[in-house]
Amino acid sequence: MPKISKHFTRAEVACKCGCGFDSMDIETLKIADEARDFANESITPSSACRCRKHNTRVTKKPRSISQHLKARAMDLPVSNPKALFDYLRNKYPNQYGFGLYKTFVHVDTRTNGPARWKLIWHSVRK
Ligand SMILES: [Zn+2]
Ligand SMILES: [Zn+2]
């Protein structure tokens, strides 16, 4: 499977519903590659591109304005989410969106950032 960034393949960022939405934003891929290099372990995104239908299924919010809908967000499961979250927010203190969850870090390249949140009681979203 050919890579579309240093570490990730198109199949890994495609919407999980099978609709074919996989046009992941290049800036978001760059941050995900940096996250992968920092974590120094293989990362399979648990969620990346999401079409409206799939996003509603995942979030239960039909009016959600998730960056996943814009192909500008990736959820990255890692063994130490807190360390990755701290690395990213220290590296980019004034921009982007980073969310800390129990088993993964949400990364997005929203243009109206910075946004930070911790929802460590949530499990992995597919
Ligand atoms: Zn879809
Ligand atoms: Zn996310």
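Heads up: the structure comes first, above all this text.
Residues numbered from 1 in each chain as written. Chains lettered and ligands numbered in written order. Predicted model: local features only at pLDDT ≥ 70, side-chain atom pairs only at ≥ 80, totals over all residues. Heavy atoms only, no water.

1. Notes on the coordination of the zinc ion (ligand 1)
Part 1 of the argument: Around the zinc ion (ligand 1), the protein contributes the donor atoms C15 (SG), C17 (SG), C19 (SG) and C51 (SG), which lie 2.3 to 2.4 Å from the metal centre.
Part 2 of the argument: Considering all 4 donor atoms around the zinc ion (ligand 1), angles at the metal cover 106 to 113° and the coordination shape is tetrahedral.
Part 3 of the argument: The sequence motif formed by the donor residues of the zinc ion (ligand 1) is C-x1-C-x1-C-x31-C.
Part 4 of the argument: Assessed through its relative accessible area of 44%, C19 is described here as partly exposed. (Donors = N, O, S within 2.8 Å, 3.2 Å for Na, K, Ca; no water. Tetrahedral: all angles 85-135°; square planar, octahedral: opposite > 155°, others 65-115°. Buried < 20%, exposed > 50% of the residue type's maximum accessible area, 1.4 Å probe, protein only.)

2. Topic: the environment of C19
Part 1 of the argument: Its place among the elements puts C19 in the loop between α1 (10-13) and α2 (26-39).
Part 2 of the argument: For the pair C19 and C51, spaced 32 residues apart in sequence, the C-alpha to C-alpha distance is 7.7 Å. (Helix = DSSP H or I, 4+ residues; strand = E, 2+ residues; numbered from the N terminus.)

3. Looking at the pattern of salt bridges
Opposite charge on two side chains allows them to pair when their charged atoms are near.
Part 1 of the argument: Inspection of the entire model under this criterion finds 9 salt bridges.
Part 2 of the argument: Its salt-bridge partner being R72, residue D25 comes within 3.6 Å of it at the nearest N-O pair. Here the residue D25 occupies a position in the loop between α1 and α2, and R72 occupies one in the loop between α3 (52-59) and β1 (73-77), the gap between them amounting to 47 residues. For the pair shown, D25 and R72 are each scored as buried.
Part 3 of the argument: Via salt bridges that share partners, D25, E27 and R72 belong to a single interconnected network. (Salt bridge = Lys/Arg side-chain N within 4 Å of Asp/Glu carboxyl O.)

4. Some thoughts on the coordination of the zinc ion (ligand 2)
Under perfect tetrahedral coordination by four donors, a metal shows angles of 109.5 degrees; under perfect octahedral coordination by six donors, it shows angles of 90 or 180 degrees.
Part 1 of the argument: Protein coordination of the zinc ion (ligand 2) is provided by H68 (NE2), D75 (OD) and H106 (ND1), with donor distances spanning 1.9 to 2.1 Å.
Part 2 of the argument: Positions of the donor residues of the zinc ion (ligand 2) along the chain correspond to the pattern H-x6-D-x30-H. In this pair, H68 sits in the loop between α3 and β1 while H106 sits in strand β3 (residues 104-108), placing the two residues 38 residues apart along the sequence. For the pair shown, H68 and H106 are each scored as buried.

5. A look at the nonpolar core
Part 1 of the argument: Formed by 23 residues in total, the largest nonpolar core has its most connected members in M74, L76 and F98.
Part 2 of the argument: The greatest single-element share of this core, amounting to 4 residues, is contributed by α2.
Part 3 of the argument: If we ignore the near neighbours within four places in the chain, the residues touching F98 are I31, F85, L88, R89, Y92, H106, V107, A115, R116 and W117. (Core = buried A, V, L, I, M, F, W, Y, C linked by side-chain atoms within 4.5 Å. Contact = heavy atoms within 4.5 Å.)

6. As for the sheet that holds strand β2 (residues 97-101)
Within a sheet, neighbouring strands are paired by backbone hydrogen bonds and run either parallel or antiparallel to one another.
Part 1 of the argument: Taking strand neighbours across the sheet as the criterion, the 4 strands line up as β1-β3-β2-β4 in an open arrangement whose pairing is mixed. The sheet is open, and its two edges are formed by β1 and β4 (115-119), each paired on a single side. With direction set aside, neighbouring strand axes in the sheet form an average angle of 15°.
Part 2 of the argument: In terms of strand pairing, β1 meets β3 through 5 bridges, oriented antiparallel. Note on β3: the bridge partner recorded for M74 is V107. (Pairing = 2+ DSSP bridges. Axes fitted to C-alpha atoms, helices over the stretch in contact; angles between N-to-C directions.)

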